[in-house]
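Below are the chains, spelled out letter by letter.
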Amino acid sequence: MKLIGSYTSPYVRKISVMLIEKGIPFEFVNDPPSAEGSKVTDFNPLGKVPALVTDEGEVFYDSPIIVQYLELLGTSPTFLPWEPLDALRVKQVEALADGVTDAAVALVLENRREAAQRNEEWIINQRGKVLRGLDKLEHYAKERQWLNGEGLNVADISVACTLGYLNFRRIAPGWCVERPTLIKLVERLFQRESFARTTPP
């Protein structure tokens, strides 16, 4: 099994963490989509990572799809509840975390533009998405039903990867203010071997 991606992508990190936690052997192919000569489009026509190549040569892309594929393998531990509606609720938290990451990535790209070319109104809009999303994730973490529960699930993994990315790119550096439950969640998860091995360089 091969995982195509970039060491700095939180979406790739999510899948890497899951593979490590499940004990599934895989080869990591570091291929940033923006790099010259990147072959990512050979696996995903959209040119996005992660892409997962199975032992049979089938390709899955988009991290929620890859999550679903890994769960269908039946390899323990599982990261989604067995009950379909409960699984959907966990995946909604995953989607919220991914949405925060989407906005953060957009901010990183916009900040690379010349200052005179940046759209400040658009930047404020993206920052609002990040902060509102984090507020809702803090709420979920306090409830401890679909996030921050007794076991590890895909929502926990996604949120930790999102917050790790915010720290790595220094987006919304004050995100931890008044979000103590999220802080404790990531402090706990970052001690796991799967997260330690996938820390962005």
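Residue positions are given per chain, counting from 1 as you read along its sequence in written order. Given that this is a predicted model, residues contribute local features only at a pLDDT of at least 70 and side-chain atom pairs are listed and counted only at 80 or more, while totals for whole chains, interfaces and linings are drawn from all residues. Values reported for side chains reflect all heavy atoms of the structure, with hydrogen atoms and water molecules removed beforehand.

Labelled according to an unreviewed UniProt entry, the protein appears under the name Glutathione S-transferase, originating from Rouxiella chamberiensis.

A. Up close: the pairing of strand β2 (residues 27-30). Paired strands, as defined in this entry, are two strands with at least two bridges between them according to DSSP. Secondary structure elements are defined from DSSP: runs of H or I of at least 4 residues count as helices, runs of E of at least 2 residues count as strands, and each element is numbered from the N terminus. As paired elements, strand β1 (residues 2-5) and β2 share four bridges and run parallel to each other. Bridge pairing links Lys2 to Glu27 in β2.

B. Representation of the pattern of salt bridges in the model. Note on definitions: salt bridges are taken to be side-chain nitrogens of Lys or Arg within 4 Å of carboxyl oxygens of Asp or Glu. Enumeration according to the criterion identifies 10 salt bridges in this entry. Residue Glu94 is joined to Lys14 by a salt bridge in which the shortest nitrogen-to-oxygen separation is 2.8 Å. Remark: Lys14 occurs in helix α1 (residues 10-22) and Glu94 occurs in helix α3 (residues 84-111); sequence separation between them is 80 residues. For the pair shown, Glu94 and Lys14 are each scored as buried. Between buried and exposed lies partly exposed: a residue is buried under 20% and exposed over 50% of the maximum accessible area for its type, with that area taken using a 1.4 Å probe on protein chains only.

C. Spotlight on the sheet that holds β2. Overall, mixed pairing links the four strands, which are arranged β2-β1-β3-β4 in an open sheet. For this open sheet the edge positions go to β2 and β4 (59-61), each flanked by a neighbour on one side alone. Each strand of the sheet is rotated relative to its neighbour by a mean of 20°, with strand direction disregarded. As paired strands, β1 and strand β3 (residues 51-53) are joined by three bridges and run antiparallel to one another. Opposite Ile4, over in β3, you have Ala51 as the bridge partner. It only takes one pair of heavy atoms within 4.5 Å for two residues to be counted as in contact. Working convention: axes come from line fits to C-alpha atoms, limited for helices to the stretch in contact. Angles between N-to-C directions cover 0 to 180 degrees. Where α1 meets the sheet, its contacts fall on β1, β2 and β3, and the angle it forms with β1 comes to roughly 160°.

D. Layout of the UniProt feature "domain: GST N-terminal" (unreviewed entry) in the protein. UniProt positions are given in the numbering used here, feature names are shortened, and annotations may be inferred rather than shown by experiment. Taken from the UniProt record, the annotation "domain: GST N-terminal" (unreviewed entry) applies to residues 1-78. Spanning residues 1-78, this segment combines 29% helix with 18% strand, and its end C-alpha atoms are found 19 Å apart.

E. Spotlight on the UniProt feature "domain: GST C-terminal" (unreviewed entry) in the protein. Taken from the UniProt record, the annotation "domain: GST C-terminal" (unreviewed entry) applies to residues 83-201. Along residues 83-201 the backbone is 69% helical and 0% strand, and the end-to-end C-alpha distance reaches 38 Å.

F. Examining the state of the cysteines more closely. The criterion for a disulfide is a pair of cysteine sulfur atoms lying within 2.5 Å. Taken as a whole and assessed by the stated rule, the structure comprises zero disulfides. Looking at Cys176, it has no disulfide partner, and the nearest cysteine sulfur is the one in Cys161, 18 Å off.

G. Broad picture of helix α6 (residues 180-189). Along α6, the residues classified as buried are Thr181, Leu182, Leu185, Val186 and Leu189. Each buried residue of α6 sits inside an arc of 125° when the element is viewed along its axis, so together they form one side. Structurally, α6 contributes buried residues whose contacts are with α4 (120-143), α5 (154-169) and α7 (193-196). The directions considered for the arc are those from the helix axis to the C-beta atoms.

H. Up close: the nonpolar core. The criterion is simple. A nonpolar core is a set of buried Ala, Val, Leu, Ile, Met, Phe, Trp, Tyr and Cys residues joined through side-chain atoms within 4.5 Å. Ranked by internal contacts, the top residues of the largest apolar core, which has 55 residues, are Leu70, Leu137 and Val159. Those elements giving two or more residues to this core turn out to be β1, α1, β3, α2 (63-72), α3, α4, α5 and α6. With residues up to four places along the chain from it excluded, the contact list for Val159 reads Val93, Ala97, Leu137, Leu147, Leu182 and Leu185.

I. Structural view of unusual backbone geometry. Of note, the amide linkage connecting Val49 to Pro50 takes the cis form, showing an omega dihedral of 10°. At Asp62, a position not held by glycine, the phi torsion is positive, near 80°. Structurally, Asp62 is set in the loop between β4 and α2. Of note, the phi angle at Arg170 is positive, near 55°, even though the residue is not glycine. Here Arg170 is to be found in the loop between α5 and α6. For Arg170, a relative accessible area of 71% translates into the label exposed.

J. Structural view of the environment of Phe79. Its place among the elements puts Phe79 in the loop between α2 and α3. By relative accessible area, which is 2% here, Phe79 ends up buried. Along the sequence, Phe79 and Thr199 sit 120 residues apart, while their C-alpha atoms lie 20 Å from each other. Not counting the four nearest positions on each side in its chain, Phe79 is found in contact with Met18, Glu21, Lys22, Glu71, Val90, Leu152, Asn153, Val154 and Ile157.

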